[in-house]
Amino acid sequence: MKFLTAFQKLYSNHFLLAATSSLIIIGFIGSVNVFLIAQRPANVYSMFLLLIAVMATMRFLALFLARFPLARIFESALSGVIVQLLLFIFILNN
């Protein structure tokens, strides 16, 4: 828990740099996920995976552009990276 609060403090101290790098990381992993999903045959399962990938990316971007509190933006950045990485691992394993 101390690591998470220290990471959140570091994120808020360097907010513009951290938010920009979070956007790049989430966008890159999300683009790779979309590319890998698009190579599969189109069905409901693939569309659901695409929806998850897009929602994880857009959630952070929407909160950042709407200027939500820093704690919410940090949480959405962290959850976006985690969701995108889990989705990437899931896609590679199937």
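You'll find the structure just up there.
Residues numbered from 1 in each chain as written. Predicted model: local features only at pLDDT ≥ 70, side-chain atom pairs only at ≥ 80, totals over all residues. Heavy atoms only, no water.

Trainee: Kindly report on the overall build of the protein, identifying the contributing residues and their values.
Mentor: The secondary structure content of the protein amounts to 4 helices and 0 strands. When the helices and strands of the protein are read in sequence order from the N terminus, they spell out α-α-α-α. The principal-axis extent of the C-alpha atoms belonging to the protein is close to 45 × 25 × 15 Å. Buried residues in the protein amount to 27% of all 94 residues. By sequence separation, contacts in the protein at least 24 residues apart represent 72% of the contacts at least 6 residues apart. For the protein, the accessible surface area stands at approximately 6300 Å², while carbon and sulfur atoms represent 77% of it. (Helix = DSSP H or I, 4+ residues; strand = E, 2+ residues; numbered from the N terminus. Buried < 20%, exposed > 50% of the residue type's maximum accessible area, 1.4 Å probe, protein only. Contact = heavy atoms within 4.5 Å. Areas by Shrake-Rupley, 256 points an atom, 1.4 Å probe, with all protein chains shown as cover.)

Trainee: Give me the lowdown on unusual backbone geometry, citing residues and values where you can.
Mentor: A positive phi angle is found at Arg67, which is not glycine, with a value near 60°. Considering the arrangement of structural elements, one finds Arg67 in the loop between α3 (44–65) and α4 (70–93). Of the residues examined, Arg67 reaches a relative accessible area of 74% and is grouped as exposed.

Trainee: Give me the packing of helix α2 (residues 15–38) against α3: which residues, what numbers.
Mentor: Where α2 contacts α3, the axes come no closer than 10 Å and their chain directions differ by 170°. Between α2 and α3, the angle is such that the two are roughly antiparallel. By crossing handedness, the relation of α2 to α3 is classed as left-handed. Of α3, the residues touching α2 (which contributes Phe15, Ala19, Ser22, Leu23, Ile26, Gly30, Asn33, Val34 and Ile37) are Ser46, Leu49, Leu50, Ala53, Ala56, Thr57, Phe60, Leu61 and Phe64. When the residues that make up the contact of α2 with α3 are grouped by side-chain class, the tally is 13 nonpolar, 5 polar and no charged. (Axes fitted to C-alpha atoms, helices over the stretch in contact; angles between N-to-C directions. Parallel < 35°, antiparallel > 145°, perpendicular 65-115°, else oblique. Left-handed = near helix turned anticlockwise from the far one by under 90°. Nonpolar A, V, L, I, M, F, W, Y, C, P; charged D, E, K, R; others polar.)

Trainee: Requested: an account of the layout of surface pockets, with residues and values cited.
Mentor: Size it by volume and the largest pocket reaches roughly 220 Å³. Every residue along the wall of the largest pocket is listed here: Phe7, Leu10, Tyr11, His14, Ala18, Ser21, Ser22, Ile25, Phe74, Ala77, Leu78 and Val81. If you list the elements that add at least two residues to the lining of the largest pocket, you get α1 (2–13), α2 and α4. Residues belonging to the lining of the largest pocket are distributed by class as follows: 9 nonpolar, 3 polar and no charged. (1 Å grid on protein atoms, 1.4 Å probe; cavity = no way out; pocket = protein on both sides within 12 Å on 5 of 7 lines; lining within 4 Å. Points joined across faces, edges and corners; volume = space filled by probe spheres on them.)

Trainee: Pulling in residues and values, what's your account of the side chain of Ser22?
Mentor: One can find Ser22 in helix α2. Ignoring any residue separated from it by four or fewer positions in sequence, one finds Ser22 in contact with Tyr11, Phe60 and Ala77.

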